[in-house]
Amino acid sequence: MPHEFVVAGAWPGFDGERLLADARRICTAQIAFWHGRRKPAFERYVFLLWAVEDGYGGLEHRASTALIANRRDLPRHGQRQASEGYVNLLGLISHEYFHTWNVKRLKPREFLRYDYSRENYTELLWFFEGFTSYYDDLFLQRTGLIDAAQYLKLLGRTINGVRQTPGREVQSVAQASFDAWNKYYRTDENTPNATVSYYTKGSLIALLLDLRLRSAEQPGSLDELMRLLWQRHARSGLTEADILAAVAECGGAALADELAGWVHGRGDLPLEAALLAAGIQIDRKSTRLNSSHSQQSRMP
């Protein structure tokens, strides 16, 4: 199946062959994730990448995606080690490609028929954006584009970002999903104090759910859960009740109740114990800040 990459604005020395090879690994792994050896539901896919001086982001479509990235983050001939910026770009490619399934075909039931004359609301962006954000970097590690240490560094960055947001004590990810139109896309100076990102905290909920499923009495995984939801609801649309029912089926009713608490609750997730059970310890370090009077204080 043809996949094409259109790049505009790259500097001379841009290593397009490396970008193609790395993107191919991501696409191959994600097709296998959703379909095994079967072909996906589209006949052609196009990546449209606009390289600019300063920018980052993407927008998914059913068989294409529009991407923006910094020119300096593109791979260059002779550059052996992937830069941090290039890893971020690969994560963006992985994220938007995963959306080909998780949001463009498997979607909230409210989105089956869009009303283009007004905003369309759902409380499920923690699943569609958050779970996609969990898998984007995970596929980089699974395909060997980053190693385990790099993956844990990215994970630590996400955990720090959520914990440094006071709004996590004020808003649940379900509320953040519903309020995306009037809060997430209309930020102001108080946004960090009043909101939480359904992208980042949603990805940590996915991580926690995956760890719990893998440590269940009858071990499973989030992979299996995602494919189950795909098989059952790709045509009918997805509700929170559908997700909780599938979690109960795969991991038990108690885990489904926990998931509902994480989604509608506020504050920190019980990540440390779940990570420790998987052999990963969170190392907390204090940060020293010097005031104008040369006094030092500690922040967790």
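Residues numbered from 1 in each chain as written. Predicted model: local features only at pLDDT ≥ 70, side-chain atom pairs only at ≥ 80, totals over all residues. Heavy atoms only, no water.

Caption draft 1: How the structure looks around the overall build of the chain. Secondary structure summary: the chain contains twelve helices and six strands in total. Relative to its length of 300 residues, the chain is compact, with a C-alpha radius of gyration of 20 Å against a globular reference of 19 Å. With the principal axes as the frame, the chain shows a C-alpha extent of 55 × 50 × 45 Å. The buried share of the chain, taken over its 300 residues, is 45%. Looking at the chain alone, contacts between residues at least 24 apart form 68% of all its contacts between residues at least 6 apart. When the accessible area of the chain is evaluated, it comes to approximately 15900 Å², of which 50% is carbon and sulfur surface. Both charge centroids of the chain, one from 36 positive and one from 35 negative side chains, sit 3 Å from each other. (Helix = DSSP H or I, 4+ residues; strand = E, 2+ residues; numbered from the N terminus. Rg over C-alpha atoms; globule rule 2.2 N^0.38 Å. Buried < 20%, exposed > 50% of the residue type's maximum accessible area, 1.4 Å probe, protein only. Contact = heavy atoms within 4.5 Å. Areas by Shrake-Rupley, 256 points an atom, 1.4 Å probe, with all protein chains shown as cover. Lys, Arg positive; Asp, Glu negative; His and termini not counted. Charge placed at Lys NZ, Arg CZ, Asp CG, Glu CD.)

Caption draft 2: Highlighting empty space enclosed by the protein. Counted according to the given criterion, the structure contains two cavities of 30 Å³ or more. Looking at the largest cavity, the residues that line it are Ile159, Val162, Arg163, Lys201, Leu204, Gly267, Asp268, Leu269 and Leu271. At the level of secondary structure, the elements contributing two or more residues to the lining of the largest cavity comprise α4 (148–163) and α8 (200–214). Of all the elements, α4 adds the most residues to the lining of the largest cavity, at three residues. Each residue belonging to the lining of the largest cavity can be placed in one class, and the counts come to five nonpolar, one polar and three charged. There is about 30 Å³ of room inside the second largest cavity. Ala10, Trp11, Pro12, Phe14, Arg71, Leu74, Pro75 and Arg76 are the residues that line the second largest cavity. A class-by-class count of the residues in the lining of the second largest cavity yields six nonpolar, no polar and two charged. (1 Å grid on protein atoms, 1.4 Å probe; cavity = no way out; pocket = protein on both sides within 12 Å on 5 of 7 lines; lining within 4 Å. Points joined across faces, edges and corners; volume = space filled by probe spheres on them. Nonpolar A, V, L, I, M, F, W, Y, C, P; charged D, E, K, R; others polar.)

Caption draft 3: Looking closely at the layout of surface pockets. Quantified by volume, the largest pocket comes out at close to 1300 Å³. Residue lining of the largest pocket: 45 residues in total, with Glu60, His95, His99, Glu129 and Tyr199 positioned closest to the centre. The element contributing the most residues to the lining of the largest pocket is helix α3 (residues 125–142), with seven residues. Broken down by class, the residue content of the lining of the largest pocket amounts to 24 nonpolar, 14 polar and seven charged.

Caption draft 4: Structural view of the packing of aromatic side chains. Taken as a whole, this structure holds 27 aromatic pairs when the rule is applied. Residues Phe111 and Tyr114 carry aromatic rings whose centres are separated by 5.4 Å and whose planes lie at 40° to one another, so their mutual orientation is tilted. Residue classification places Tyr114 among the partly exposed positions, given a relative accessible area of 33%. The ring of Phe33 has Arg227 sitting right over it, with the charged end atom 5.1 Å from the ring centre. (Phe/Tyr/Trp six-rings, centres within 6.5 Å; stacked < 30°, edge-to-face > 60°. Lys NZ or Arg CZ within 6 Å of the ring centre and 35° of its normal.)

Caption draft 5: Seen up close, the pattern of salt bridges. This model, assessed by the stated rule, comprises 16 salt bridges. Between Arg18 and Asp22 there is a salt bridge, with its nearest N and O atoms 3.8 Å apart. A residue pair is termed a helical-turn pair when its members lie 3 or 4 positions apart in one helix, as Arg18 and Asp22 do in helix α1 (residues 16–35) at four residues. One salt bridge connects Glu272 with Arg284, and the closest N-O pair in it is separated by 2.5 Å. Here Glu272 is found in helix α12 (residues 271–277), whereas its partner Arg284 is found in the loop between α12 and β5 (287–290), with twelve residues between them in sequence. Exposure remark for Glu272: the relative accessible area of 31% places this residue in the partly exposed category. Counted as one network, the salt bridges with shared partners bring together Arg163, Glu272 and Arg284. (Salt bridge = Lys/Arg side-chain N within 4 Å of Asp/Glu carboxyl O.)

Caption draft 6: Highlighting the side chain of Glu96. With respect to the helices, strands and loops of the structure, Glu96 is situated in helix α2 (residues 84–98). No salt bridge is formed by the buried Glu96. Its closest oppositely charged neighbour is Lys104, at 9.4 Å. Beyond its immediate chain neighbours, meaning those up to four positions away, Glu96 contacts Tyr45, Gly58, Leu59, Glu60, Thr65 and Leu67.

Caption draft 7: Representation of the nonpolar core within the structure. Judged by nonpolar contacts, the single largest core of 79 residues is most densely connected at Trp126, Phe127, Leu209 and Leu222. Considering every element that reaches this core, the biggest residue donor is α3, with ten residues. (Core = buried A, V, L, I, M, F, W, Y, C linked by side-chain atoms within 4.5 Å.)

Caption draft 8: Layout of the pairing of strand β3 (residues 57–60). As paired elements, β3 and strand β4 (residues 64–70) share four bridges and run antiparallel to each other. Bridge pairing in β4 links Leu59 to Ala66. (Pairing = 2+ DSSP bridges.)

Caption draft 9: View of the confidence of the model for the chain. Averaged over all residues, the pLDDT of the chain is 93; the fraction at 70 or higher stands at 95%. A low-confidence stretch, residues 293–300 (pLDDT under 50), is modelled with 16 contacts involving residues beyond four sequence positions or located in other chains. (pLDDT = per-residue confidence, 0-100.)

Caption draft 10: How the structure looks around the environment of Asn182. Take Asn182: it is sitting in helix α6 (residues 180–184). Residue Asn182 is classed as partly exposed on the basis of its relative accessible area, which comes to 39%. The sequence separation of Asn182 and Tyr151 amounts to 31 residues, and the corresponding C-alpha distance is 33 Å.

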